[in-house]
Amino acid sequence: MATLNKFLIFFVLISLNAFSQKEQKTSFQVVPLGIKGGIDEKNLSAYLVAPINTNDYISLDAGTINAGIEKAVENKVFKVSTEEVLRKYIKGYFISHAHLDHVSGLIINSPADSSKTVYATNKCMEMMENHYFNDQTWANFGDQGPGKQLKKYHFQTLAIGEETLITNTAMTVKAFPLSHVNPFESTAFLVKNGDSYVLYLGDTGPDSVEKSDKLKELWTAVAPLIKSKQLKGIFIEVSFPNEQPDQFLFGHLTPNHIMKELHILADLAGKDSLKGFNIIITHLKPPAKNIAKLKEQLQKQNDLGFKIIYPEQGKRFEL
(Lines give C-alpha, C1' and ligand atoms only; values in the text may rest on other atoms or scores of the structure.)
Protein backbone atom coordinates (compact mmCIF):
# COMPACT_ATOMS: atom_id res chain seq x y z
CA MET A 1 0.00 0.00 0.00
CA ALA A 2 2.83 2.39 0.90
CA THR A 3 4.47 1.69 -2.46
CA LEU A 4 1.18 2.35 -4.27
CA ASN A 5 0.71 5.65 -2.41
CA LYS A 6 4.23 6.76 -3.32
CA PHE A 7 3.53 5.90 -6.96
CA LEU A 8 0.27 7.87 -6.92
CA ILE A 9 1.95 10.91 -5.34
CA PHE A 10 4.76 10.69 -7.93
CA PHE A 11 2.21 10.44 -10.76
CA VAL A 12 0.25 13.45 -9.48
CA LEU A 13 3.42 15.56 -9.16
CA ILE A 14 4.52 14.64 -12.68
CA SER A 15 1.05 15.45 -14.02
CA LEU A 16 0.94 18.81 -12.23
CA ASN A 17 4.38 19.68 -13.51
CA ALA A 18 3.40 18.78 -17.07
CA PHE A 19 0.20 20.84 -16.72
CA SER A 20 2.20 23.78 -15.35
CA GLN A 21 4.69 23.57 -18.23
CA LYS A 22 1.81 23.47 -20.71
CA GLU A 23 0.24 26.51 -19.07
CA GLN A 24 3.53 28.40 -19.18
CA LYS A 25 4.45 27.43 -22.74
CA THR A 26 5.32 30.51 -24.77
CA SER A 27 4.32 30.95 -28.40
CA PHE A 28 5.50 34.46 -29.28
CA GLN A 29 8.60 36.58 -28.84
CA VAL A 30 8.28 40.36 -28.68
CA VAL A 31 10.90 43.05 -29.27
CA PRO A 32 9.58 46.56 -28.58
CA LEU A 33 11.14 49.11 -30.95
CA GLY A 34 9.16 51.99 -29.47
CA ILE A 35 6.83 52.16 -26.48
CA LYS A 36 5.71 55.75 -25.92
CA GLY A 37 3.12 58.15 -27.17
CA GLY A 38 4.06 61.79 -27.42
CA ILE A 39 7.19 63.76 -28.13
CA ASP A 40 10.06 61.24 -28.06
CA GLU A 41 10.59 60.57 -31.78
CA LYS A 42 13.19 57.88 -30.98
CA ASN A 43 10.73 55.81 -28.97
CA LEU A 44 7.27 55.73 -30.60
CA SER A 45 4.84 52.82 -30.93
CA ALA A 46 6.30 49.78 -32.74
CA TYR A 47 6.37 46.17 -31.53
CA LEU A 48 8.10 43.32 -33.34
CA VAL A 49 6.27 40.02 -32.87
CA ALA A 50 7.36 36.61 -34.18
CA PRO A 51 6.65 32.94 -33.50
CA ILE A 52 8.99 31.70 -30.78
CA ASN A 53 12.45 30.61 -32.02
CA THR A 54 12.11 32.27 -35.41
CA ASN A 55 13.18 35.54 -37.01
CA ASP A 56 9.88 35.96 -38.88
CA TYR A 57 8.85 39.24 -37.29
CA ILE A 58 6.01 41.57 -38.09
CA SER A 59 5.93 45.13 -36.84
CA LEU A 60 2.73 46.13 -35.07
CA ASP A 61 2.71 49.85 -35.87
CA ALA A 62 5.88 51.58 -37.01
CA GLY A 63 6.39 54.86 -35.18
CA THR A 64 10.07 54.14 -34.47
CA ILE A 65 12.00 51.51 -36.41
CA ASN A 66 15.74 52.19 -36.86
CA ALA A 67 16.44 53.64 -33.40
CA GLY A 68 14.58 50.74 -31.81
CA ILE A 69 16.50 48.12 -33.78
CA GLU A 70 19.75 49.83 -32.80
CA LYS A 71 18.74 49.64 -29.14
CA ALA A 72 17.88 45.93 -29.51
CA VAL A 73 21.25 45.26 -31.17
CA GLU A 74 23.00 47.10 -28.30
CA ASN A 75 21.10 44.84 -25.89
CA LYS A 76 22.27 41.78 -27.85
CA VAL A 77 18.69 40.79 -28.70
CA PHE A 78 19.86 40.56 -32.30
CA LYS A 79 23.30 39.27 -33.27
CA VAL A 80 23.21 40.78 -36.76
CA SER A 81 23.41 44.36 -37.98
CA THR A 82 20.60 46.90 -37.72
CA GLU A 83 20.38 46.88 -41.53
CA GLU A 84 19.94 43.10 -41.63
CA VAL A 85 17.17 43.16 -39.03
CA LEU A 86 15.35 45.84 -41.03
CA ARG A 87 15.75 44.15 -44.39
CA LYS A 88 15.56 40.44 -43.50
CA TYR A 89 13.90 39.95 -40.12
CA ILE A 90 10.91 42.28 -40.48
CA LYS A 91 8.50 40.54 -42.86
CA GLY A 92 5.75 43.17 -42.86
CA TYR A 93 4.14 46.15 -41.14
CA PHE A 94 0.68 46.41 -39.59
CA ILE A 95 -0.47 50.00 -39.24
CA SER A 96 -3.35 50.57 -36.81
CA HIS A 97 -4.01 54.13 -37.96
CA ALA A 98 -2.20 56.76 -39.96
CA HIS A 99 -1.18 59.20 -37.23
CA LEU A 100 2.50 60.02 -37.62
CA ASP A 101 3.56 58.59 -34.26
CA HIS A 102 2.46 55.17 -35.55
CA VAL A 103 3.80 55.32 -39.11
CA SER A 104 6.76 57.74 -39.30
CA GLY A 105 9.39 55.00 -38.86
CA LEU A 106 7.99 53.10 -41.82
CA ILE A 107 8.08 56.23 -44.00
CA ILE A 108 11.57 57.42 -43.05
CA ASN A 109 13.17 53.96 -43.34
CA SER A 110 11.49 53.00 -46.62
CA PRO A 111 14.48 53.93 -48.86
CA ALA A 112 16.74 51.51 -46.93
CA ASP A 113 14.13 48.76 -46.54
CA SER A 114 13.59 45.61 -48.61
CA SER A 115 10.44 44.53 -50.45
CA LYS A 116 7.65 43.44 -48.11
CA THR A 117 3.97 43.95 -47.35
CA VAL A 118 2.30 46.81 -45.53
CA TYR A 119 -1.09 45.86 -44.05
CA ALA A 120 -3.87 48.26 -43.02
CA THR A 121 -7.61 48.67 -43.19
CA ASN A 122 -9.08 50.53 -46.14
CA LYS A 123 -9.40 53.96 -44.50
CA CYS A 124 -5.91 53.81 -43.02
CA MET A 125 -4.38 52.69 -46.32
CA GLU A 126 -6.12 55.50 -48.18
CA MET A 127 -4.67 58.05 -45.76
CA MET A 128 -1.15 56.67 -46.17
CA GLU A 129 -1.44 56.68 -49.96
CA ASN A 130 -2.99 60.12 -50.21
CA HIS A 131 -0.91 61.94 -47.59
CA TYR A 132 2.42 60.12 -47.24
CA PHE A 133 3.33 57.72 -50.06
CA ASN A 134 1.90 60.08 -52.68
CA ASP A 135 5.02 61.00 -54.72
CA GLN A 136 4.91 64.49 -53.20
CA THR A 137 5.18 64.34 -49.42
CA TRP A 138 7.32 61.20 -49.92
CA ALA A 139 8.15 58.90 -52.79
CA ASN A 140 5.47 56.28 -53.40
CA PHE A 141 7.28 53.09 -52.41
CA GLY A 142 4.02 51.16 -52.78
CA ASP A 143 2.16 49.44 -55.58
CA GLN A 144 -0.98 51.56 -55.24
CA GLY A 145 -1.76 55.24 -54.92
CA PRO A 146 -0.80 58.44 -56.75
CA GLY A 147 2.35 59.29 -58.67
CA LYS A 148 5.10 56.92 -59.73
CA GLN A 149 4.72 53.60 -57.91
CA LEU A 150 8.15 52.24 -56.99
CA LYS A 151 6.54 48.93 -55.93
CA LYS A 152 8.97 48.13 -53.13
CA TYR A 153 6.04 47.64 -50.76
CA HIS A 154 2.89 45.70 -51.48
CA PHE A 155 -0.02 47.60 -49.95
CA GLN A 156 -2.52 45.00 -48.70
CA THR A 157 -5.91 46.15 -47.47
CA LEU A 158 -7.32 44.08 -44.61
CA ALA A 159 -11.01 43.24 -44.55
CA ILE A 160 -12.47 43.65 -41.06
CA GLY A 161 -12.91 40.32 -39.25
CA GLU A 162 -11.40 38.23 -42.04
CA GLU A 163 -8.46 35.93 -41.29
CA THR A 164 -5.50 36.80 -43.53
CA LEU A 165 -2.24 34.92 -44.04
CA ILE A 166 0.82 37.03 -43.20
CA THR A 167 3.28 36.71 -46.07
CA ASN A 168 6.59 34.97 -45.30
CA THR A 169 5.45 33.88 -41.83
CA ALA A 170 3.42 31.06 -40.29
CA MET A 171 1.04 33.58 -38.72
CA THR A 172 -2.39 34.93 -39.63
CA VAL A 173 -4.20 38.11 -38.58
CA LYS A 174 -7.72 39.44 -38.11
CA ALA A 175 -8.46 43.18 -37.98
CA PHE A 176 -11.09 44.77 -35.72
CA PRO A 177 -12.16 48.43 -35.75
CA LEU A 178 -11.51 50.79 -32.85
CA SER A 179 -12.70 54.34 -32.19
CA HIS A 180 -9.96 56.96 -31.73
CA VAL A 181 -11.96 60.19 -31.39
CA ASN A 182 -15.17 59.05 -33.04
CA PRO A 183 -15.60 58.75 -36.02
CA PHE A 184 -11.83 58.45 -36.68
CA GLU A 185 -10.92 54.76 -36.84
CA SER A 186 -8.00 52.85 -35.38
CA THR A 187 -7.44 49.09 -35.56
CA ALA A 188 -6.87 46.08 -33.33
CA PHE A 189 -4.90 43.15 -34.75
CA LEU A 190 -5.51 39.59 -33.52
CA VAL A 191 -2.38 37.64 -34.50
CA LYS A 192 -2.45 33.84 -34.57
CA ASN A 193 0.48 31.41 -34.42
CA GLY A 194 -0.63 27.77 -34.40
CA ASP A 195 -3.38 27.63 -31.78
CA SER A 196 -2.08 30.68 -29.85
CA TYR A 197 -2.96 34.36 -30.20
CA VAL A 198 -1.88 37.84 -29.19
CA LEU A 199 -4.08 40.92 -29.44
CA TYR A 200 -2.66 44.34 -30.24
CA LEU A 201 -4.78 47.49 -29.99
CA GLY A 202 -3.84 50.73 -31.66
CA ASP A 203 -4.91 53.96 -30.01
CA THR A 204 -8.42 53.75 -28.63
CA GLY A 205 -10.78 55.68 -26.41
CA PRO A 206 -13.24 53.98 -24.04
CA ASP A 207 -16.65 53.14 -25.41
CA SER A 208 -18.34 55.41 -22.87
CA VAL A 209 -16.47 58.50 -24.07
CA GLU A 210 -16.35 57.56 -27.75
CA LYS A 211 -20.11 56.82 -27.79
CA SER A 212 -19.15 53.57 -29.47
CA ASP A 213 -19.43 49.81 -29.02
CA LYS A 214 -16.13 48.94 -30.73
CA LEU A 215 -14.35 47.71 -27.60
CA LYS A 216 -17.39 45.73 -26.42
CA GLU A 217 -17.49 43.98 -29.81
CA LEU A 218 -13.76 43.25 -29.62
CA TRP A 219 -14.05 41.85 -26.08
CA THR A 220 -16.94 39.65 -27.19
CA ALA A 221 -14.80 38.27 -30.03
CA VAL A 222 -11.74 37.43 -27.92
CA ALA A 223 -13.40 36.31 -24.66
CA PRO A 224 -13.58 32.64 -25.82
CA LEU A 225 -9.81 32.72 -26.47
CA ILE A 226 -9.22 33.83 -22.89
CA LYS A 227 -11.49 31.07 -21.58
CA SER A 228 -9.51 28.49 -23.57
CA LYS A 229 -6.18 30.09 -22.52
CA GLN A 230 -5.19 30.50 -26.17
CA LEU A 231 -4.80 34.28 -25.92
CA LYS A 232 -1.31 34.93 -24.57
CA GLY A 233 -1.63 38.65 -23.96
CA ILE A 234 -3.25 41.95 -24.86
CA PHE A 235 -1.28 45.03 -25.90
CA ILE A 236 -3.42 48.03 -24.92
CA GLU A 237 -2.71 51.70 -24.46
CA VAL A 238 -2.99 53.79 -21.29
CA SER A 239 -1.91 57.29 -22.23
CA PHE A 240 -2.88 59.49 -19.29
CA PRO A 241 -3.32 59.31 -15.51
CA ASN A 242 -6.82 59.55 -14.06
CA GLU A 243 -6.59 63.32 -13.64
CA GLN A 244 -7.00 63.78 -17.41
CA PRO A 245 -10.59 65.02 -18.04
CA ASP A 246 -12.70 62.99 -20.46
CA GLN A 247 -13.03 65.94 -22.84
CA PHE A 248 -9.23 66.01 -23.19
CA LEU A 249 -8.62 62.28 -23.66
CA PHE A 250 -8.38 62.68 -27.46
CA GLY A 251 -9.25 59.03 -28.01
CA HIS A 252 -7.07 57.49 -25.30
CA LEU A 253 -7.40 55.55 -22.04
CA THR A 254 -6.67 56.21 -18.36
CA PRO A 255 -6.33 53.63 -15.55
CA ASN A 256 -9.98 54.25 -14.62
CA HIS A 257 -11.15 53.64 -18.17
CA ILE A 258 -8.99 50.59 -18.91
CA MET A 259 -10.20 48.95 -15.69
CA LYS A 260 -13.84 49.54 -16.66
CA GLU A 261 -13.14 48.02 -20.08
CA LEU A 262 -11.26 45.02 -18.68
CA HIS A 263 -14.07 44.35 -16.21
CA ILE A 264 -16.40 44.08 -19.20
CA LEU A 265 -13.97 41.61 -20.79
CA ALA A 266 -13.72 39.62 -17.55
CA ASP A 267 -17.51 39.42 -17.30
CA LEU A 268 -17.61 37.97 -20.81
CA ALA A 269 -14.71 35.55 -20.29
CA GLY A 270 -15.71 34.30 -16.84
CA LYS A 271 -14.83 34.83 -13.19
CA ASP A 272 -11.07 35.09 -12.50
CA SER A 273 -10.39 34.76 -16.24
CA LEU A 274 -7.89 37.64 -16.19
CA LYS A 275 -6.06 36.53 -13.05
CA GLY A 276 -2.38 36.24 -14.03
CA PHE A 277 -3.21 37.20 -17.63
CA ASN A 278 -0.65 39.32 -19.52
CA ILE A 279 -1.72 42.93 -20.10
CA ILE A 280 1.02 44.84 -21.95
CA ILE A 281 0.65 48.59 -21.43
CA THR A 282 1.55 50.76 -24.44
CA HIS A 283 1.57 54.41 -25.49
CA LEU A 284 2.42 56.02 -22.15
CA LYS A 285 2.67 59.76 -22.72
CA PRO A 286 5.35 61.96 -21.13
CA PRO A 287 6.13 63.77 -18.87
CA ALA A 288 7.77 61.20 -16.60
CA LYS A 289 5.76 62.31 -13.54
CA ASN A 290 2.52 61.47 -15.39
CA ILE A 291 3.85 58.04 -16.35
CA ALA A 292 4.85 57.33 -12.74
CA LYS A 293 1.42 58.45 -11.48
CA LEU A 294 -0.34 56.35 -14.14
CA LYS A 295 1.60 53.23 -13.15
CA GLU A 296 0.83 53.74 -9.46
CA GLN A 297 -2.88 54.22 -10.16
CA LEU A 298 -3.11 51.16 -12.38
CA GLN A 299 -1.35 48.98 -9.81
CA LYS A 300 -3.75 50.10 -7.07
CA GLN A 301 -6.84 49.59 -9.23
CA ASN A 302 -5.91 46.14 -10.55
CA ASP A 303 -8.58 44.18 -8.67
CA LEU A 304 -8.73 41.63 -11.51
CA GLY A 305 -5.24 40.34 -10.72
CA PHE A 306 -3.80 40.53 -14.23
CA LYS A 307 -0.06 40.67 -14.81
CA ILE A 308 0.98 44.18 -15.87
CA ILE A 309 3.87 44.32 -18.33
CA TYR A 310 5.54 47.62 -19.15
CA PRO A 311 7.68 46.89 -22.21
CA GLU A 312 11.11 48.49 -22.52
CA GLN A 313 12.56 49.62 -25.82
CA GLY A 314 14.96 47.06 -27.28
CA LYS A 315 14.35 44.44 -24.57
CA ARG A 316 12.89 41.10 -25.68
CA PHE A 317 10.17 39.22 -23.82
CA GLU A 318 8.00 36.17 -24.49
CA LEU A 319 4.28 35.48 -24.41
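The preceding data block contains the structure.
Model, not experiment: these values are computed from the prediction. (Residues numbered from 1 in each chain as written. Predicted model: local features only at pLDDT ≥ 70, side-chain atom pairs only at ≥ 80, totals over all residues. Heavy atoms only, no water.)

J.: What is the right way to read the overall build of the protein from this model?
T.: Assigned secondary structure in the protein consists of 9 helices and 14 strands. A globule of 319 residues ought to have a C-alpha radius of gyration of about 20 Å, and the protein, at 20 Å, matches this closely. For the protein, the spread of C-alpha atoms along the principal axes amounts to about 85 × 45 × 35 Å. A buried classification covers 53% of the 319 residues belonging to the protein. When contacts within the protein are restricted to residue pairs at least 6 apart in sequence, long-range pairs at least 24 apart make up 63% of them. (Helix = DSSP H or I, 4+ residues; strand = E, 2+ residues; numbered from the N terminus. Rg over C-alpha atoms; globule rule 2.2 N^0.38 Å. Buried < 20%, exposed > 50% of the residue type's maximum accessible area, 1.4 Å probe, protein only. Contact = heavy atoms within 4.5 Å.)

J.: Is there a simple way to think about the sheet that holds strand S14 (residues 317–318) in this case?
T.: Where strands meet in a sheet, backbone hydrogen bonds hold them as pairs that are either parallel or antiparallel. Ordered in space as S6-S5-S4-S3-S2-S1-S14, the 7 strands form an open sheet in which the pairing is mixed. The strands lining the two open edges of the sheet, one partner per strand, are strand S6 (153–158) and S14. Bridging between strand S4 (residues 90–94) and strand S5 (residues 116–121) involves 3 bridges; their strand directions are parallel. Following the sheet pairing, Phe 94 is matched in S5 by Tyr 119. (Pairing = 2+ DSSP bridges.)

J.: So what exactly am I meant to see when it comes to helix H9 (residues 288–301) here?
T.: Along an α-helix, a turn takes 3.6 residues, which lines up residues three or four apart on a common side. Its 14 residues give H9 an end-to-end C-alpha distance of 20 Å, which sits within 8% of 20 Å, the value for a rise of 1.5 Å per residue. Those residues of H9 lying buried are Ile 291, Leu 294, Gln 297 and Leu 298. Down the axis of H9, the sector holding all buried residues measures 130°, keeping them to one side. Residues of H9 that are exposed and point over 90 degrees away from its buried face: Ala 288, Lys 289, Gln 299 and Lys 300. Summarising the contacts, the buried residues of H9 are in contact with helix H8 (255–269), strand S12 (278–282) and strand S13 (307–309). (Expected span 1.5 Å × (residues − 1). Arc of directions from axis to C-beta.)

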